[in-house]
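Chain residues, written in single-letter form:
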Amino acid sequence: MSYTHRLRKEIIINAQSEDEIRIAITEDRALVELFIETPETERHVGDIYLGRVAKVIPGMNAAFIDVGLEQDAFLHFSDVGDSYESSSAFLAGEEAEIRDDDEEEEEYLVEEGATAAEQKVYRPRGGRGGRATRSNDRGLSQRTAPPSRGAAQERIADAGHAQKGTSLDLRLAGQRDEKAAAGPDRGRPGGSAHTQRPVPSLLQANLNLEPDQPILVQVTREAFANKGVRVTSRISLPGRFLVLVPFEPGIGISRKVYSVRERTRLRRIVRSLKPRELGVIIRTVAENKEESALREDLEKLLQQWRDLEKKVREIKPPTLVFQDSSLTSSVMRDLFTPDITRIVIDSRKMYREVMDYVEWAAPNLTGTVELYRGTKPIFDAFDIETQIEQTLTRKIMLRSGGYLFIEHTEAMVVIDVNSGRYAARREQELNSLKTNLEAAREVARQLRLRDIGGIIVIDFIDMSDERNRKKVYDEMKKELRKDRAKSSILPLTEFGLMQITRQRIRQSIVQSLSDTCPVCGGTGLLVSKTTILKQIERWLERFRASSSERKLLMRVHPTLGEMLTSGLMSPLRNLQLKYFLRLKIELDESLTGDEFRFYSSKQKRDITSEYSSTGVEHVEEDEHDHSDEAPSETPEDSHAPFEEQEEDYEALMEENAESSYDSEESDTAYRASAPMQHRLKKRSQ
């Protein structure tokens with residue numbers, strides 16, 4: 001008798017703090033997703049703005065939209081759907097053309113993603129019973145009625161793993177197109193059999209976008225790094241069972257509703273309820289729901305749309321016209337599915353709100369909601385706090401003894417798999433396979449937990465057997481099917497490298513919970529003390545070559561100041577003797593450990609940049625450009641009189657005499673000062 005393990009999925013909500021809500025999703029007690037809402041963290045995904053076209057860049061196949069945020073939003077032409085004309089007509093106060101043929105809106109399949117605005121739409125080519133084709137920029141042929149549930153699950157899990165709008169994804173899609181032409185089962189990275197069309201240009205898409213033109217857009221990805229939010233013109237309002245699509249008349253059904261009879265029933269109900277000019281997508285959780293529940297959900301969405309429609313006609317861009325639900329509401333709406341085993345909440349107020357929602361949305365699941373009554377903090381009781389702390393580290397230990405090392409770069413995220421001390425078997429190939437399989441499962445979990453998006457490159461342990469590389473690839477595909485974010489994956493190369501692109505919706509959890517180090521700037525490296533000392537010495541050399549000043553104030557961080565003044569014959573005194581300067585140290589904690597600033601005692605200002613390596617080049621160019629001005633002093637004129645040098649030298653020697661007794665350092669100082677002593681002796685004679 002075979003036993004199938006049922007994954008235990010739980011939602012743990014920590015809402016005790018007034019200014020922070022944390023929601024953790026666990027699978028078999030392992031943290032896989034984490035959401036944090038604080039007053040400082042603004043959420044924009046799902047928000048709808050009446051924006052204004054700031055600039056159109058045909059060379060990028062994109063436009064930038066002013067939506068009132070700090071940075072303009074990014075609108076790629078691939079995110080401008082068939083609804084653009086209807087949306088433009090709506091903003092202009094005109095009536096959009098509506099199809100008379102109901103057969104054309106009979107059915108299209110959608111693949112539910114992280115947000116309603118990210119829905120992938122698949123429309124029938126030839127009416128009912130035909131083959132479905134994606135209506136946006138990427139084509140994917142699938143039968144509308146899968147022959148069996150098992151085969152359907154396999155295809156649905158495999159299909160559509162592609163991140164939109166990345167150059168790597170476009171290159172991968174091109175490779176898939178070439179391989180797909182060779183045969184149905186060849187060249188399917190990530191299990192996809194995409195036949196992707198090229199992204200349309202501005203003229204091909206017939207968009208007619210012009211600067212200052214108003215446009216209604218919805219946010220699909222949060223801002224990150226120095227990039228603004230990403231938006232789409234495909235507007236959608238998500239509900240519990242349905243998604244209202246105002247500018248795309250028709251009825252869409254989740255591809256995870258497998259039963260043909262159930263799809264027919266849901267289409268019939270929704271067609272009788274929805275206005276003819278609006279579109280509706282039926283979500284997976286609507287399966288087997290009564291008509292009354294669907295009607296109530298649709299009425300709420302229609303009221304939201306009427307309010308939004310009224311507001312748009314009264315305001316001027318850029319303005320926020322619709323804000324998505326709070327974090328808790330959106331998580332319950334999108335993630336509370338029948339496979340959730342338990343929901344545990346530590347706040348009575350939040351518990352009542354969640355119970356009210358569950359009693360309406362899924363009365364049969366009210367028994368899964370619990371109020372936490374323990375004395376320990378809820379995240380400690382479920383061992384979540386420790387796992388959150390581990391997300392901030394770059395090194396992740398594996399049970400076998402190996403470990404992962406996760407490194408974020410500007411262009412991509414690189415993950416290195418190491419075997420550590422694991423050597424359970426004598427055969428190196430088997431050891432490598434076991435570690436790589438475990439690493440694949442952990443990498444997939446870390447991608448979800450840390451919400452890592454963009455390009456990911458994984459360096460697995462080398463394996464010589466092609467069958468073992470295929471096992472690791474299949475394991476990664478299987479684990480990524482649990483991920484709500486879309487991804488595209490390529491098989492391992494001969495060097496053991498795996499390439500993945502993953503949909504980026506919001507900032508990674510590491511970026512949300514941490515700030516860039518003010519000392520190293522995020523590199524993790526500091527300039528050595530020897531290097532800093534050489535930089536100071538080169539600065540002083542440039543300064544003495546072109547200035548007659550004798551006194552300087554140097555501001556440094558306390559750690560650098562301690563290094564400069566330590567010892568009987570400190571580096572600071574050596575510099576003073578070498579360049580015949582009076583240097584006064586002032587500690588400044590606002591500076592970094594490798595930063596120094598020089599101030600002129602005579603001019604009372606910062607002169608650091610004037611004698612830096614770049615400043616010298618700038619000065620030379622200045623002198624060249626202003627050759628008609630009076631000539632500067634000659635090197636001989638720039639030197640101070642010998643009497644001043646003698647006075648400064650004797651003062652320095654008096655300071656050094658207090659600490660330079662019979663040590664080797666004092667001998668070094670004596671030898672360094674020998675030329676000056678010879679000059680003094682010759683002058684006295």
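Structural data are supplied above this passage.
Residues numbered from 1 in each chain as written. Predicted model: local features only at pLDDT ≥ 70, side-chain atom pairs only at ≥ 80, totals over all residues. Heavy atoms only, no water.

**Here we look at the nonpolar core**
Within soluble globular proteins, side chains that are nonpolar tend to cluster in buried spots. With 31 residues, the main nonpolar core has Ile48, Leu216, Phe241, Leu242, Leu244, Ile282 and Leu308 as its most contacted residues. The set of elements that each furnish at least two residues to this core consists of β4 (48-57), β16 (242-245), β17 (250-254), α5 (260-273), β18 (279-282), α6 (291-314) and β19 (319-322). The biggest single contributor to this core is α6, with eight residues. When sequence neighbours within four positions are dropped, the list of residues in contact with Leu244 reads Ile235, Ser236, Leu237, Leu278, Gly279, Val280, Leu298, Leu301, Leu302 and Trp305. In terms of nonpolar packing, the next biggest core, distinct from the first, is built from 28 residues, Ile415, Val417, Leu437 and Phe460 among them. (Core = buried A, V, L, I, M, F, W, Y, C linked by side-chain atoms within 4.5 Å. Buried < 20%, exposed > 50% of the residue type's maximum accessible area, 1.4 Å probe, protein only. Helix = DSSP H or I, 4+ residues; strand = E, 2+ residues; numbered from the N terminus. Contact = heavy atoms within 4.5 Å.)

**Observations concerning the sheet that holds strand β28 (residues 551-556)**
Pairing is mixed across the open sheet formed by four strands, whose spatial order is β29-β28-β30-β31. The open sheet terminates on both sides in strands that have one partner only, identified here as β29 (582-587) and β31 (605-606). Here two bridges tie strand β30 (residues 596-600) to β31, and the two strands are oriented antiparallel to one another. Pairing of Tyr599 across the sheet is with Asp606, part of β31. Lying on the sheet, helix α15 (residues 558-565) is in contact with β28 and β29; it crosses β28 at an angle near 130°. (Pairing = 2+ DSSP bridges. Axes fitted to C-alpha atoms, helices over the stretch in contact; angles between N-to-C directions.)

**Describing the packing of helix α14 (residues 529-546) against helix α16 (residues 571-579)**
The contact between α14 and α16 brings their axes to 11 Å, and the two run at 20°. What the angle tells us is that α14 and α16 run roughly parallel. For α14 against α16, the interelement crossing comes out right-handed. In contact with Leu533, Ile536, Glu537, Leu540, Glu541 and Arg544 of α14, α16 contributes Pro571, Leu575, Lys578 and Tyr579. Of the residues belonging to the contact of α14 with α16, the class tally is six nonpolar, no polar and four charged. (Parallel < 35°, antiparallel > 145°, perpendicular 65-115°, else oblique. Left-handed = near helix turned anticlockwise from the far one by under 90°. Nonpolar A, V, L, I, M, F, W, Y, C, P; charged D, E, K, R; others polar.)

**A few points about the sheet that holds strand β26 (residues 487-489)**
As summarised here, the arrangement of the six strands in space is β22-β23-β24-β25-β27-β26, forming an open sheet in which the pairing is mixed. Each of the sheet's edge strands pairs with one partner strand only, and the pair in question is β22 (395-397) and β26. Neighbour-to-neighbour, the strand axes of this sheet turn through a mean angle of 20°, independent of strand direction. As defined by bridge partners, strand β25 (residues 454-459) adjoins strand β27 (residues 497-502) across six bridges and the pair is classed as antiparallel. Each bridged residue has a counterpart across the sheet, and for Asp459 the counterpart in β27 is Leu497. This element, helix α11 (residues 428-450), spans β22, β23 (403-408), β24 (413-418), β25 and β27 of the sheet and lies at about 150° to β24.

**Details of α6**
The terminal C-alpha atoms of α6 lie 35 Å apart, and with 24 residues this matches the ideal 34 Å at 1.5 Å per residue to within 8%. Among the residues making up α6, those that are buried are Ala293, Leu294, Asp297, Leu298, Leu301, Leu302, Trp305, Leu308 and Val312. (Expected span 1.5 Å × (residues − 1).)

**Concerning helix α8 (residues 348-361)**
Its 14 residues place the ends of α8 20 Å apart at the C-alpha level, agreeing with the 20 Å of an ideal helix rising 1.5 Å per residue. Restricting attention to buried positions, one finds in α8 the residues Met350, Val354, Met355, Val358 and Ala361. All buried residues of α8 project into a common sector of 140° when viewed along the axis, lining one side. Residues of α8 that are exposed and point over 90 degrees away from its buried face: Arg348, Lys349 and Asp356. For α8, the elements touching its buried residues are β1 (9-14), β2 (21-27), α7 (327-335), β20 (340-345) and β21 (369-371). (Arc of directions from axis to C-beta.)

**As for the side chain of Ser612**
Along the chain, Ser612 falls in the loop between β31 and α17 (613-625). At a separation of 3.0 Å, a polar atom in the side chain of Ser612 contacts the main-chain carbonyl oxygen of Ser609. Setting aside its immediate chain neighbours within four residues, Ser612 contacts Trp539 and Arg542. (Polar contact = N/O pair within 3.5 Å; in protein donor to acceptor, adjacent residues only side chain to side chain.)

**Some words on the pairing of β25**
Bridge count between β24 and β25: four bridges; the pairing is parallel. Within β25, the position partnered with Val413 by the bridge is Ile456.

**A closer look at unusual backbone geometry**
For the bond running from Pro317 to Pro318, omega is -5°, close enough to zero to count as cis. Looking at the element boundaries, Pro318 is found in the loop between α6 and β19. Unusually for a residue other than glycine, Phe580 sits at a positive phi of about 50°. You can see Phe580 is positioned in the loop between α16 and β29. Residue Phe580 is classed as partly exposed on the basis of its relative accessible area, which comes to 23%.

**A word on the side chain of Arg445**
By the element assignment, Arg445 lies in helix α11. Of the polar contacts made by the side chain of Arg445, one reaches the backbone oxygen of Leu31; its length is 2.6 Å. The residues contacting Arg445, other than those within four sequence positions of it, are Ala30, Leu31, Val32 and Gln387.

**Observations concerning the pattern of salt bridges**
Counting across every chain of the model gives 31 salt bridges. Among the salt bridges present, the one from Glu385 reaches Arg22, with a minimum N-O distance of 3.0 Å. Taken as a pair, Glu385 in helix α10 (residues 384-390) and Arg22 in strand β2 lie far apart in primary sequence, 363 residues in all. Members of the salt-bridge network, linked through shared partners, are Arg8, Glu10, Arg342 and Glu370. (Salt bridge = Lys/Arg side-chain N within 4 Å of Asp/Glu carboxyl O.)

**Points about the packing of α11 against helix α12 (residues 466-480)**
A pair of packed helices is captured by two measures, namely the crossing angle of their axes and the spacing between those axes. Contact geometry for α11 and α12: axes closest at 9 Å, N-to-C directions at 20°. Put simply, α11 runs roughly parallel to α12. Between α11 and α12 lies a crossing whose hand is right-handed. Two secondary-structure elements touch here, α11 through Glu429, Leu433, Asn436, Leu437, Ala440, Arg441, Val443, Ala444 and Leu447 and α12 through Asn468, Lys471, Val472, Glu475, Met476, Glu479 and Leu480. Broken down by class, the residue content of the contact of α11 with α12 amounts to nine nonpolar, two polar and five charged.

**Considerations on the pairing of strand β6 (residues 73-76)**
Of the two faces of β6, the one holding Ala73 and Leu75 and the one holding Phe74 and His76 are both buried throughout. Sheet topology places strand β5 (residues 62-66) next to β6; four bridges connect them, and they run antiparallel. Counterpart to Ala63 in the pairing with β6 is Leu75. Once β5 ends, the chain turns through six residues before running back antiparallel as β6, passing Gly68 with a positive phi of about 95°.

**Observations regarding the packing of aromatic side chains**
A full pass over the atoms with the stated rule returns ten aromatic pairs. When the ring of Phe543 is compared with that of Tyr611, the centres are 5.2 Å apart and the planes differ by 85°; the resulting orientation is edge-to-face. Taken together, the residues Phe543 in helix α14 and Tyr611 in the loop between β31 and α17 connect sequence positions 68 residues apart. You'll find Phe543 and Tyr611 in the same group, each marked buried. An aromatic cluster of three or more residues is present, and its members are Trp539, Phe543, Phe596, Phe598 and Tyr611. (Phe/Tyr/Trp six-rings, centres within 6.5 Å; stacked < 30°, edge-to-face > 60°.)

Just distances and angles here, no functional claims.
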